[in-house]
Amino acid sequence: MDDKVLRKLFSGFIHIHILHHAKEEAIFGAWMLEELREHGYTIGPGTLYPILHGMESDGLLVREDRNVDGKIRKYYSATEKGEVILREARDKAYELFKEIKD
Ligand SMILES: [Zn+2]
């Protein structure tokens, strides 16, 4: 399949994946990249960071800067709005999965 089409599709999955983890506990970029790689998404920081920033400006994530060994690391947690969106997306994803699974 066309790379552009795949990227568009996976972008939605990645957003849901980020919200899921950011709801469990605060996440940071490098950790999320590794997590996504383990799930087969080979994306780089140049793709992930704009997604995180976009989700922050859309009010889905809230950022907190923490000092880790003298370096500032940006942590993201899901907002209330993010959790609502996650629930909606999960229901829709589940509904779709049931329909296409076989
Ligand atoms: Zn995961």
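See the structure above.
Residues numbered from 1 in each chain as written. Predicted model: local features only at pLDDT ≥ 70, side-chain atom pairs only at ≥ 80, totals over all residues. Heavy atoms only, no water.

## Observations regarding the nonpolar core
- Formed by 19 residues in total, the largest nonpolar core has its most connected members in Ile-18, Leu-48 and Leu-61.
- Taken together, the elements giving at least two residues each to this core come down to helix H1 (3-24), helix H2 (29-38), helix H3 (45-57) and strand E3 (71-78).
- Not counting residues within four places of it along the chain, the set of residues in contact with Ile-18 comprises Ile-27, Met-32, Leu-48, Ile-51, Leu-52, Met-55 and Leu-61. (Core = buried A, V, L, I, M, F, W, Y, C linked by side-chain atoms within 4.5 Å. Buried < 20%, exposed > 50% of the residue type's maximum accessible area, 1.4 Å probe, protein only. Helix = DSSP H or I, 4+ residues; strand = E, 2+ residues; numbered from the N terminus. Contact = heavy atoms within 4.5 Å.)

## A short note on unusual backbone geometry
- The backbone phi angle of Asp-69 is positive, close to 50°, even though this residue is not glycine.
- Along the chain, Asp-69 falls in the loop between strand E2 (61-68) and E3.
- Asp-69 sits in the exposed class, given a relative accessible area of 80%.

## What to know about the packing of aromatic side chains
- The full count for this structure, using the stated rule, is three aromatic pairs.
- Ring geometry for Phe-10 versus Tyr-41: centroids 5.5 Å apart, planes at 85°, classification edge-to-face. Linking Phe-10 in helix H1 with Tyr-41 in the loop between H2 and H3, this pair joins segments that are 31 residues apart in sequence.
- Relative to Tyr-75, the ring of Phe-28 has its centre 5.3 Å away and its plane inclined at 65°; by these criteria the two rings are edge-to-face. One end of the pair, Phe-28, is in strand E1 (residues 27-28); the other, Tyr-75, is in strand E3, and 47 residues separate them in sequence. (Phe/Tyr/Trp six-rings, centres within 6.5 Å; stacked < 30°, edge-to-face > 60°.)

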